[in-house]
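Examining the three-dimensional arrangement
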Amino acid sequence: MASYKGAYSNERSFGIALPVIAIMFVGAVYFMSQRTDAGFASFILVGAGAVTMIYWVRMLQGIAQDHKPAYTKAREQESKNWMYDLMKGEGESVFVAEVPGPEDKIAVRLIDGVLYIRGSGGFGKEVPIEGAEQMQIVDFKYRNGVLTLRIR
């Protein structure tokens, strides 16, 4: 089955989960430090736990960020030789293009008004779509080498 990603981002998930995990971790370290009579050692343990948690939160946020492919002038020139149809309606657009398959090698993403299409054999195209910044892909079909997308 081919894959596509809509407007949803992993950053939104980590934006909620990471602070909750951080608070739980610091609370657990604080609770453990209170059970000992170490005094200054518990302060060091809480500090080390907080520094470790900050490090891991930043690492996980870096992993969760969506990395957009670079849209360059060379890609724009290459896109001019490739034919596609974009039919705009009221609140909806339909995109149709030939993309080399098989279906499980097709990947489509719509990020900040740019449609990223990847196929087999190193095929990759970026198509800027005006007014699609808040839209997402609602239907994905691939039949006989022809990709059809509905964007709302």
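Residues numbered from 1 in each chain as written. Predicted model: local features only at pLDDT ≥ 70, side-chain atom pairs only at ≥ 80, totals over all residues. Heavy atoms only, no water.

Now for the packing of aromatic side chains. If you walk through the whole model with that rule in mind, you get 4 aromatic pairs. Ring centres of W82 and F95 lie 6.2 Å apart, and the angle between their planes is 45 degrees; on these two criteria the pair is classed as tilted. One end of the pair, W82, is in the loop between α3 (73-80) and β2 (84-88); the other, F95, is in strand β3 (residues 93-98), and 13 residues separate them in sequence. F95 shares its class with W82; the two are buried. By way of ring pairs, the aromatic residues W82, Y84, F95 and F123 are connected into one cluster. (Phe/Tyr/Trp six-rings, centres within 6.5 Å; stacked < 30°, edge-to-face > 60°. Helix = DSSP H or I, 4+ residues; strand = E, 2+ residues; numbered from the N terminus. Buried < 20%, exposed > 50% of the residue type's maximum accessible area, 1.4 Å probe, protein only.)

With respect to the secondary-structure elements, P128 resides in strand β6 (residues 124-128). The class of P128 is partly exposed, set by a relative accessible area of 47%. Considering only alpha carbons, one finds P128 and L115, 13 residues apart in sequence, at a separation of 6.1 Å.

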